[in-house]
Amino acid sequence: MGAQASRQISASDLSSPESIESRRVNFVVPMTAINAPEPPSVIPTPANTVPMPTIPMDDLDFSVQLAPYSFGRPIERPIFILSLDGGGIRGRREAEILAALERETLSEFGLHLCRIFDIMAGTSTGAGIVAALSLPGSTPHIPAFTAERLRALYTSHNAKKIFHAPLGYRIRTLGGLRGPRFPSTGLSHVLREYFKDHWISEAMTNILIPAFSLDTGREKYFRSDRAQQHLSEDYFVFDAVKASASAPTYFPAHAAINGEGLETLCVDGGLCMNNPTAEAFRMAEELYPGSEKYVLSLGTGEKAPHGNTKALHAEGLIRAARAIINATMSGSSRHVDDEMHRLLPTPSAGYPGHQHYFRSQSTITGSLTDMASTDPHVIAAIARLGDPGHNPEVRTTIESFMNVLRPFYNRAHTAPHME
């Protein structure tokens, strides 16, 4: 495949000790330490990494730990989880919400989102967002991308690159009858611009990207915590995101190649898990057992259920297939939302306490439901759905989540070196 050839890396190169250590980053959660009876007095770090400075704990807020060690015991502050649904160009809604939230966290705490959330999960378009937000930049402790910058990913210009089928391709596939609606060329080009040759093991916080493996017939999880421990679990960010975004009938399946040179053929994670919130919560339970957990889950907009039913009755074979996929994604997202509400109920007379689960979603109709729209007016309308200045529900969600963060992230207690 083209992706494999572009790397020009042999399996022996990838498995060398130098290569393994060169792809390790500091502040990881060691899987071998999860069930350890007692933490070591000094946490070992690879020779080529910069160890976390020793700072008196009385002078340091726990928010400065990017991925706190748990050693099978509760850590000293709650765990914060971000989860993003899939939805193609409708990911602009999530990007708008996160840009507004990050403006708040930077203003009040001096922290980017990858420093706020201990786990960030995203499917398909959400995978691209969480991966970009967690990539390390050239400045220590500062990510390569802000949420504000990611809004530029969801423009008509980029959409026309991604969702473009040349005339020759349309003729060969009979307009999508004998193949996916779009070639993967445009999607690959845009993802390469953002992710280049970064590995998921480089993530500044724990990330989770679901895809569906055609080789095993099961879900495939790209997890940075596992990638930091095993070459077989490490992948280029480009591969992980493209695998999660290769929606059937829209794009061809993608072969992702791990650090040992082995390949797995994947399609869009939305096929099995368009809303990764529940899996992200299970990951948090695995890494941080017993810790209090808060979840922020964002959707890309969903049709009213009857809209999917009408589409299935009215459309032909190809459009019906896409309507089925859209209905499956919406249905699975709602199911996960219901599951999380049962797991973390909203406080009431029967369930006293603090709200731990925050979900933001919008009902959409007409042209706004098209995941592959390149219309600038449609994209602008999607953006307004995520703009707290236009959508009161989004404003309330951001304000409520900030109220949860404030007791634990205090700028006055943030170490100067981490600013």
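Residue indices begin from 1 for each chain and proceed along its sequence in written order. Note on the predicted model: pLDDT of at least 70 is required for a residue's local features to be given, and 80 or more for side-chain atom pairs to be given and counted; whole-chain, interface and lining totals, by contrast, use all residues. The side-chain quantities take in all heavy atoms of the structure and omit both hydrogens and water.

Q: Can you help me understand the overall build of the protein in this one?
A: Secondary structure elements are defined from DSSP: runs of H or I of at least 4 residues count as helices, runs of E of at least 2 residues count as strands, and each element is numbered from the N terminus. Across its full length, the protein carries 18 helices and 10 strands. By the burial criterion, 54% of the 419 residues in the protein qualify as buried. Note on definitions: a residue-residue contact is assigned when non-hydrogen atoms from the two residues lie within 4.5 Å. In the protein, 76% of the contacts between residues at least 6 apart in sequence involve partners at least 24 apart. Per-residue and other accessible areas were derived by the Shrake-Rupley procedure at a 1.4 Å probe size, with only the shown protein chains allowed to occlude residues. Taken as a whole, the protein presents about 17,800 Å² of accessible surface, with 56% of it coming from carbon and sulfur. To sort residues, take the accessible area from a 1.4 Å probe on protein chains only and compare it with the maximum for the residue type: under 20% means buried, over 50% means exposed, and anything in between is partly exposed.

Q: Is there a simple way to explain the environment of methionine 371 in this structure?
A: Tracing the backbone through its elements, the reader meets methionine 371 in the loop between β10 (363-364) and α17 (376-386). Distance from methionine 371 to phenylalanine 163, taken between C-alpha atoms, is 9.6 Å for residues 208 residues apart in sequence.

Q: Is there a simple way to explain the packing of helix α6 (residues 125-134) against helix α12 (residues 237-245) in this structure?
A: Helix-helix packing: each pair is described by the crossing angle between the helix axes and the interaxial distance. With axes taken as lines fitted to C-alpha atoms, and helix axes fitted only over the stretch in contact, angles between N-to-C directions fall between 0 and 180 degrees. Where α6 contacts α12, the axes come no closer than 7 Å and their chain directions differ by 160°. On the basis of the axis angle, α6 is roughly antiparallel to α12. Here α6 and α12 pass one another in a crossing that is right-handed. Facing α6, whose interface residues are Ala127, Gly128 and Ala131, α12 presents Val237, Val241 and Ser244. Under this grouping Gly is polar, as are all residues other than the nonpolar Ala, Val, Leu, Ile, Met, Phe, Trp, Tyr, Cys and Pro and the charged Asp, Glu, Lys and Arg. For the contact of α6 with α12, the residue count by class is 4 nonpolar, 2 polar and no charged. Between 65 and 115 degrees an angle is taken as roughly perpendicular, under 35 as roughly parallel, over 145 as roughly antiparallel, and anywhere else as oblique. Here a crossing is called left-handed whenever its near helix is offset anticlockwise from the far helix by less than a right angle, and right-handed whenever the offset is clockwise.

Q: So what exactly am I meant to see when it comes to the packing of aromatic side chains here?
A: Any two aromatic rings considered together are summarised by their centre-to-centre distance and by the angle between their planes. Here a Phe, Tyr or Trp ring, Trp counted by its six-membered ring, pairs with any other such ring whose centre lies within 6.5 Å, and the pair is stacked when the planes are under 30 degrees apart, edge-to-face when over 60, and tilted otherwise. Summed over the entire model, instances satisfying the criterion amount to 14 aromatic pairs. One aromatic cluster is present, formed by Phe80, Phe109, Phe117, Tyr294, Phe358, Phe401, Phe408 and Tyr409 through successive ring pairs. The rule is short: NZ of Lys or CZ of Arg within 6 Å of the ring centre and within 35 degrees of the ring normal puts a charge over the ring. The lysine or arginine in question, arginine 192, covers the ring of phenylalanine 238, its NZ or CZ lying 3.7 Å from the ring centre. Above the plane of the ring of phenylalanine 222 lies lysine 220, whose end atom (NZ or CZ) is 5.6 Å from the centre.

Q: Is there a simple way to think about unusual backbone geometry in this case?
A: For residues that are not glycine, phi is negative in most cases, and the peptide bond is trans in most cases. At serine 124, a residue that is not glycine, the phi angle is positive and equals roughly 55°. Mapped onto the secondary structure, serine 124 falls in the loop between β2 (119-122) and α6. Of note, lysine 196 is a non-glycine position whose phi angle comes to about 45°, a positive value. By the element assignment, lysine 196 lies in the loop between α10 (185-195) and β3 (206-213).

Q: Which parts of the structure should I look at to understand the pairing of strand β4 (residues 218-223)?
A: When a strand is regular, its side chains alternate between the sheet's two faces. Where β3 meets β4, 6 bridges bridge the pair, whose relative direction is antiparallel. Each bridged residue has a counterpart across the sheet, and for leucine 208 the counterpart in β4 is arginine 223. Note on pairing: two strands pair once DSSP finds at least 2 bridges between them.

Q: Is there a simple way to explain the pattern of salt bridges in this structure?
A: Think of it this way: side chains of opposite charge can pair up when their charged atoms draw near. Here, a salt bridge means any Lys or Arg side-chain nitrogen found within 4 Å of an Asp or Glu carboxyl oxygen. In total, this model carries 18 salt bridges according to the counting rule given. Across the salt bridge formed by arginine 92 and glutamate 96, the nearest N and O atoms sit 2.8 Å from each other. Highlighted residues: arginine 92 and glutamate 96, both in helix α4 (residues 91-109), separated by 4 residues, approximately one helical turn. For the pair shown, arginine 92 and glutamate 96 are each scored as buried. When salt bridges that share partners are traced, they join Arg92, Glu96, Arg103, Glu148 and Arg151 into one network.

Q: Help me understand the side chain of threonine 123 in this model?
A: Looking at the element boundaries, threonine 123 is found in the loop between β2 and α6. Not counting the four nearest positions on each side in its chain, threonine 123 is found in contact with Leu84, Asp85, Gly86, Pro210, Ser244, Asp268, Gly269, Gly270, Met273, Asn274 and Pro276.

Q: What's the story with the nonpolar core in this structure? I'm lost.
A: In these notes, a set of buried Ala, Val, Leu, Ile, Met, Phe, Trp, Tyr and Cys residues joined through side-chain atoms within 4.5 Å is what counts as a nonpolar core. Leu98, Phe117, Phe195, Ile209 and Phe222 are the most contacted members of the largest nonpolar core, which totals 79 residues. Residue contributions to this core peak at 7 residues, all from α4. Among all residues touching isoleucine 209, those that are not within four sequence positions of it are Gly122, Ala127, Val130, Ala131, Lys220, Tyr221, Phe222, Ala240, Val241 and Ser244. Listed in part, the 19 residues of the second largest apolar core include Ile79, Ala280, Leu287 and Leu344.

Q: What exactly am I supposed to notice about α6 here?
A: Because each turn of an α-helix spans 3.6 residues, side chains separated by three or four positions in sequence point in the same direction. Most of α6 is tucked away: 10 of the 10 residues are buried. Regarding α6, the residues found buried are Thr125, Gly126, Ala127, Gly128, Ile129, Val130, Ala131, Ala132, Leu133 and Ser134.

Q: What am I meant to see in the pairing of strand β9 (residues 357-360) here?
A: What you see with β9 is no split at all: Tyr357 and Arg359 on one side and Phe358 and Ser360 on the other are buried throughout. In this structure, strand β7 (residues 293-298) lies alongside β9, joined through 4 bridges in parallel fashion. Looking across to β9, one finds that leucine 298 is bridged to serine 360.

Q: Is there a simple way to explain α12 in this structure?
A: Most of α12 is tucked away: 9 of the 9 residues are buried. Listed as buried for α12 are Val237, Phe238, Asp239, Ala240, Val241, Lys242, Ala243, Ser244 and Ala245.

Q: Looking at this model, I keep getting lost on the confidence of the model for the protein. Mind explaining?
A: Detailed reading of the predicted model is not advised wherever pLDDT is low. Across the protein, the average pLDDT comes to 80, with 72% of residues at 70 or higher. How sure the predictor is of each residue is captured by pLDDT, a score from 0 to 100. Note on residues 1-75: pLDDT is under 50 here. Beyond four places in sequence and across chains, it has 140 contacts. Ignoring residues within four places in sequence, the model shows residues 412-419, a span with pLDDT below 50, making 21 contacts including any to other chains.

Q: What's the story with the side chain of serine 224 in this structure? I'm lost.
A: Locating serine 224 in the fold gives a position in helix α11 (residues 224-227). The exposure class assigned to serine 224 is buried, which follows from its relative accessible area of 0%.

Q: Any chance you could explain the environment of phenylalanine 195 here in plain terms?
A: With respect to the secondary-structure elements, phenylalanine 195 resides in helix α10. Overall, phenylalanine 195 belongs to the buried group, its relative accessible area being 2%. Sequence-wise, phenylalanine 195 and valine 237 are 42 residues apart; in three dimensions their C-alpha atoms are separated by 6.3 Å. Not counting residues up to four positions away in its chain, the partners in contact with phenylalanine 195 are Gly128, Ala131, Ala132, Leu135, Val237, Phe238 and Val241.

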